[in-house]
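Here's the letter readout for the chains.
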Amino acid sequence: MKTLALANQKGGVGKTTTAINLGAALGALEKRVLVVDCDPQGNASRGLGCSGEAPNLYDVLVGEAAPRDVVKATGFPFLDVLPTDRDLVALEVELAGEADWQPALRRALEPVLSAYDFVLIDCPPSLGHLTIMALTAAEGLLVPLQCEYFALEGISELMATLERVRESVNPQLKIAGIVFTMFDHRTNLARDVVAETREHFGARVCDTIIPRNVRLAEAPSHGMPILQYDIKSRGAQAYLELATEVLRRGE
Ligand code: ADP
Ligand code: MG
């Protein structure tokens, strides 16, 4: 699996942090990575030091720019970003009126796919058109889950969406993994949530658990992935471990 959508309709669970830092960690392992920012909030773009000014993903999706003219190199080797900004909100509305909108992102990315080993699509916190479009373009769904009591709330809705996308436009779509983020080893609750989820989802839950680490929260304001901002941090080490696991799972 090379194209992975990071989706969970809950906000603040670590989708963007994982897109940026898993991307950078795969880059550190010399895999060529493209992060596609599919959230109009543009957090992945800014976290990778890119403003998302036009032309951006919106222009690509409406056919007014070629992806190779919009993709930007980041300050990190092997890591590029296809940036976005608020324009994408309009797209959500425009798409709603069109037939056959689901494969728009898949088609848009096609010309640049061969240049990358991995494409990570950062989804917005909803199960609307943009997330469906991302799931249609993806081979795998990677679900970041926060280690808290309500973590699994909404997962059934996400799985139902996955099923609908499989049945309609993308039968190949698989669950690439469920990855726990912001883990606090001091609380029993976090450990219980992980154990319960493993019981339910088995091997689909990644072995790697991303700890709560303040350096991960600081890095985006410097426009850098954690590996560039503080390679010695626990957050950096965890994302390197996750990258290794993603490679292993892909074999
Ligand atoms: P989402 O994209 O799902 O909305 P984010 O990746 O933006 O979630 O994360 C939400 C907030 O939590 C951000 O402020 C981010 O910096 C912070 N954060 C994410 N992962 C961690 C972590 N492992 N440790 C500490 N803070 C984190
Ligand atoms: Mg986000």
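Residues numbered from 1 in each chain as written. Chains lettered and ligands numbered in written order. Predicted model: local features only at pLDDT ≥ 70, side-chain atom pairs only at ≥ 80, totals over all residues. Heavy atoms only, no water.

A. Quick peek at the side chain of N8. Within the element layout of this structure, N8 appears in the loop between β1 (3-6) and α1 (15-28). From its side chain, N8 meets the backbone nitrogen of K10 in a polar contact 3.0 Å long. Apart from the residues within four sequence positions on either side, N8 is in contact with V13, K15, P124, P125, V143, P144, L145 and L158. (Helix = DSSP H or I, 4+ residues; strand = E, 2+ residues; numbered from the N terminus. Polar contact = N/O pair within 3.5 Å; in protein donor to acceptor, adjacent residues only side chain to side chain. Contact = heavy atoms within 4.5 Å.)

B. Structural detail: the pattern of salt bridges. All chains considered together, the criterion is met by 9 salt bridges. In this structure, E218 engages R215 in a salt bridge whose closest nitrogen and oxygen atoms are separated by 2.7 Å. With a gap of 3 residues between them, E218 and R215 both fall in helix α10 (residues 214-218), about one helical turn apart. Residue E218 is classed as partly exposed on the basis of its relative accessible area, which comes to 25%. Residue R215 is classed as partly exposed on the basis of its relative accessible area, which comes to 29%. By sharing partners, the salt bridges in this structure join R215, E218 and D230 into a single network. (Salt bridge = Lys/Arg side-chain N within 4 Å of Asp/Glu carboxyl O. Buried < 20%, exposed > 50% of the residue type's maximum accessible area, 1.4 Å probe, protein only.)

C. Highlighting unusual backbone geometry. Residue P55 is reached from A54 by a cis peptide bond, and omega for that bond is -5 degrees. If you trace the backbone, P55 turns up in the loop between α2 (43-47) and α3 (57-61). Positive phi, close to 55 degrees, is recorded for M182, a residue that is not glycine. Residue placement: M182 occurs in strand β7 (residues 174-183).

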